[in-house]
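Working through the structure, step by step
Residues per chain are reported as follows:
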Amino acid sequence: MLDLRARGRDVRCLVKGLEGWLIDTLSAFNIDGERREGRIGVWVRRPDKGFNREDKIAAIGVRVSRWVTFHGIALNVSPDLSHFGGIVPCGISDQGVTSFEDLGQLVSMPEVDSVLRAAFEHRFGPIAA
């Protein structure tokens, strides 16, 4: 939860910040995550799958009430990607979904959690206890 009254009341800026947080986290594991204009989430280029192919590795959902956020992210570490077979990320039918594991990065949830926390604090400030 973040209080946007103290952060300029800008939901788009928040979403870009969340994307940046996820991109920073991926970078720590040598994964190049990127934003895409007109799409929410984080994408990874997949030239191994064909020209201009990319897969979504992280999704974002934000709810704001009285300028306080309730946000959620989904960062795919090692899910069964077959479960995503019926999902069309951001309504784009020619792109898919990927994960750390699918990209050859075998990491544990505690490792990812640790990096997520450090990257969050770097971008948004210390987490209150």
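What you are looking at is a predicted structure, and each value in this text was computed from that prediction instead of being measured.

Brief notes about helix H2 (residues 109-124)
Across its 16 residues, H2 extends 21 Å between first and last C-alpha, which sits within 8% of the 22 Å expected from 1.5 Å per residue. Taken as a whole, H2 has its buried residues at Val-112, Leu-116, Ala-119, Phe-120 and Phe-124. The buried residues of H2 all sit within an arc of 105° when viewed along its axis, so they share a single face. Pointing more than 90 degrees away from the buried face of H2 are the exposed residues Pro-110 and His-122. Those residues of H2 that are buried lie in contact with helix H1 (11-27) and strand E4 (68-75).

Some words on a nonpolar patch on the surface
Among the surface-exposed residues, Val-11, Val-62, Val-64 and Trp-67 lie close enough to one another that they form a single nonpolar patch of about 260 Å² accessible area. With respect to the element layout, Val-64 can be found in strand E3 (residues 54-65).

A word on the pairing of strand E2 (residues 39-45)
Regular strands place side chains that alternate from one sheet face to the opposite one. Burial runs high along E2: five of the seven residues are buried. Inspection of the sheet shows strand E1 (residues 33-36) paired to E2 by three bridges, in the antiparallel sense. Bridging from a neighbouring strand, Arg-36 pairs with Arg-39 of E2. Taken together, E1 and the strand that follows it, E2, pair antiparallel across an intervening segment of two residues, in which Gly-38 is found at a positive phi of about 85°. One ladder, built from four bridges, connects E2 with E3; its direction is antiparallel. What sits directly across from Trp-43, in E3, is Lys-56.

Here we look at the nonpolar core
Counting residues in each nonpolar core, the largest one holds 24 residues, and the members touching the most others are Ile-57, Leu-75, Phe-100 and Val-112. Breaking this core down by element, the ones donating at least two residues are H1, E2, E3 and H2. Non-local contacts of Phe-100, meaning those with residues more than four positions away in its chain, are made with Leu-26, Phe-29, Ile-31, Ile-57, Leu-75, Asn-76, Val-77, Gln-105, Val-107 and Val-112.

Here we look at the side chain of Thr-25
Note on placement: Thr-25 falls in helix H1. Leave out the neighbours within four places in its chain, and Thr-25 touches Leu-75, Val-115, Leu-116 and Ala-119.

What to know about the environment of Gly-38
On the secondary structure map, Gly-38 appears in the loop between E1 and E2. Distance from Gly-38 to Arg-7, taken between C-alpha atoms, is 23 Å for residues 31 residues apart in sequence.

Digging into the packing of H1 against H2
As a packed pair, H1 and H2 sit with axes 9 Å apart at the nearest point and diverge in direction by 135°. Taken together, H1 and H2 sit at an angle that is classed as oblique. Seen along the crossing, H1 lies across H2 with a hand that is right-handed. Across the interface between the two elements, Leu-14, Gly-17, Leu-18, Gly-20, Trp-21, Leu-22, Asp-24 and Thr-25 from H1 touch Val-115, Leu-116, Ala-119, Phe-120, Arg-123 and Phe-124 from H2. The residue makeup of the contact of H1 with H2, split by class, is nine nonpolar, three polar and two charged.

Rules used throughout
Within every chain, residues take consecutive numbers counted from 1 along the sequence as written. In keeping with the predicted nature of the model, local features appear solely for residues at pLDDT of at least 70, side-chain atom pairs appear and are counted solely at 80 or more, and the whole-chain, interface and lining totals rest on all residues. Only heavy atoms go into the side-chain values, all of them from the structure, while hydrogens and water stay out. Helix and strand labels come from DSSP, where a helix needs a run of H or I of at least four residues and a strand needs a run of E of at least two; each type is numbered from the N terminus. The length a helix should cover is 1.5 Å for every residue beyond the first. Three exposure classes are used, based on accessible area relative to the maximum for each residue type with a 1.4 Å probe and protein chains only: buried under 20%, partly exposed in between, and exposed over 50%. Directions from the helix axis toward the C-beta atoms define the arc. In what follows, a contact means two residues having at least one pair of non-hydrogen atoms within 4.5 Å. The patch calculation keeps residues exceeding 30% relative accessible area without a salt bridge and links them within 9 Å when they carry like charges or within 5 Å when they are nonpolar (Val, Leu, Ile, Met, Phe, Trp, Tyr). To measure how exposed things are, a 1.4 Å probe is used in the Shrake-Rupley method; for residues, cover is taken only from the protein chains shown. Any Lys or Arg side-chain nitrogen found within 4 Å of a carboxyl oxygen on Asp or Glu counts as a salt bridge. A pair of strands counts as paired when DSSP detects no fewer than two bridges linking them. In this text, buried Ala, Val, Leu, Ile, Met, Phe, Trp, Tyr and Cys residues form a nonpolar core when linked through side-chain atoms within 4.5 Å. Here, axes are lines fitted to C-alpha atoms. For helices the fit covers the stretch in contact, and angles between N-to-C directions go from 0 to 180 degrees. Any angle from 65 to 115 degrees is called roughly perpendicular, while one under 35 is roughly parallel, one over 145 is roughly antiparallel, and all others are oblique. A clockwise turn of the near helix away from the far one marks a right-handed crossing, whereas an anticlockwise turn of less than a right angle marks a left-handed crossing. Note on residue classes: Ala, Val, Leu, Ile, Met, Phe, Trp, Tyr, Cys and Pro are nonpolar, Asp, Glu, Lys and Arg are charged, and everything else, Gly too, is polar.

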